[in-house]
Amino acid sequence: KQWYQQQSTAGGVEQLPQLSKTSFPPCMRNIYEHFTEQHHIKHGARLQFCLYLKGMGLTMENVRTYWRSEFCKKMDLESYGKSGHDYTVRHLFGKEGKRSDKTPYGCMKIITSSVPSAGDCHGCPFKHMDADNLERKLASWKIPKIQVREILGLVSNQHYQIACSKYFQITHNKKDPGFGLNHPNQYFLESQKVHGNVVNVGKQGYQARRPPMCPSPLHHRRSPKPPNRLVALRCYQLKK
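Residues numbered from 1 in each chain as written. Predicted model: local features only at pLDDT ≥ 70, side-chain atom pairs only at ≥ 80, totals over all residues. Heavy atoms only, no water.

Colleague: Which residues make up the packing of aromatic side chains, and what values do they have?
Modeller: With the rule as written, the count across this model stands at 16 aromatic pairs. Geometrically, the ring pair formed by Phe-49 and Tyr-66 is edge-to-face, given 6.4 Å between the ring centres and 70° between the ring planes. Of this pair, Phe-49 sits in helix α3 (residues 43-56) while Tyr-66 sits in helix α4 (residues 60-71), and the two are 17 residues apart along the sequence. Exposure class is identical for Phe-49 and Tyr-66. Each is buried. (Phe/Tyr/Trp six-rings, centres within 6.5 Å; stacked < 30°, edge-to-face > 60°. Helix = DSSP H or I, 4+ residues; strand = E, 2+ residues; numbered from the N terminus. Buried < 20%, exposed > 50% of the residue type's maximum accessible area, 1.4 Å probe, protein only.)

Colleague: Account for helix α11 (residues 160-172), naming residues and giving values.
Modeller: Here α11 is 13 residues long and its end C-alpha atoms lie 18 Å apart, about the 18 Å a rise of 1.5 Å per residue gives. Of all 13 residues that make up α11, 10 are buried, and the element is covered over most of its length. Residue Asn-173 follows α11 closely and has a positive phi angle near 55°. (Expected span 1.5 Å × (residues − 1).)

Colleague: Tell me about the nonpolar core, residues and numbers included.
Modeller: Phe-49, Trp-67 and Phe-126 are the most contacted members of the largest nonpolar core, which has 56 residues in total. In terms of residues, this core owes the most to one element, α3, which gives 8 residues. If we ignore the near neighbours within four places in the chain, the residues touching Phe-49 are Phe-24, Met-28, Ile-31, Tyr-32, Phe-35, Ile-41, Tyr-66 and Trp-67. (Core = buried A, V, L, I, M, F, W, Y, C linked by side-chain atoms within 4.5 Å. Contact = heavy atoms within 4.5 Å.)

Laid out in structure tokens, this is it:
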């Protein structure tokens, strides 16, 4: 099975509703659901979510089409063209402005981002939602009460990434996630592995960083110390 195929005209966009439930981390599932319900997301969420979709392997044209179809459920095409939303997508894919290739946000960047204002949905739910709203959100995602309390306990101790890993364990029926979570796209890739799917993220997609190679044991050997010249000179004088 392959969740995303480059030859598909929809480019995987049609699978987002299902993927959001099975393989999106809470931060991205929250934005996706808000976007689907409100047909609008503010600037912070647009950046965070667009780069995540890019990291999943969706092409720029896939995302532009998805953006337009969702936003235009609440505005006409002319207004959308003037809004700058399409420019933002092209910019994040390196086709506008300085044309630099933007990479998806990692967990620490999302956790330390600005607190979402009213009506916004960017950031990390474990960090930025209050306990009551977070409890309601987890309940709406069918997380059992006893495990919701466990997650809330981790959150109260500011263990946000561990709380997200716990959510992964619960939703994937795993005793141990088997990886250290530090990126939303890493969450997606690991989820797809659990579901037995082949992931094709393309060249611009998120690539999990490989751990640095251990240096050769030879690098740890100390080179012999050069002889102490003063000691050598003193020995020479004594011999004379």
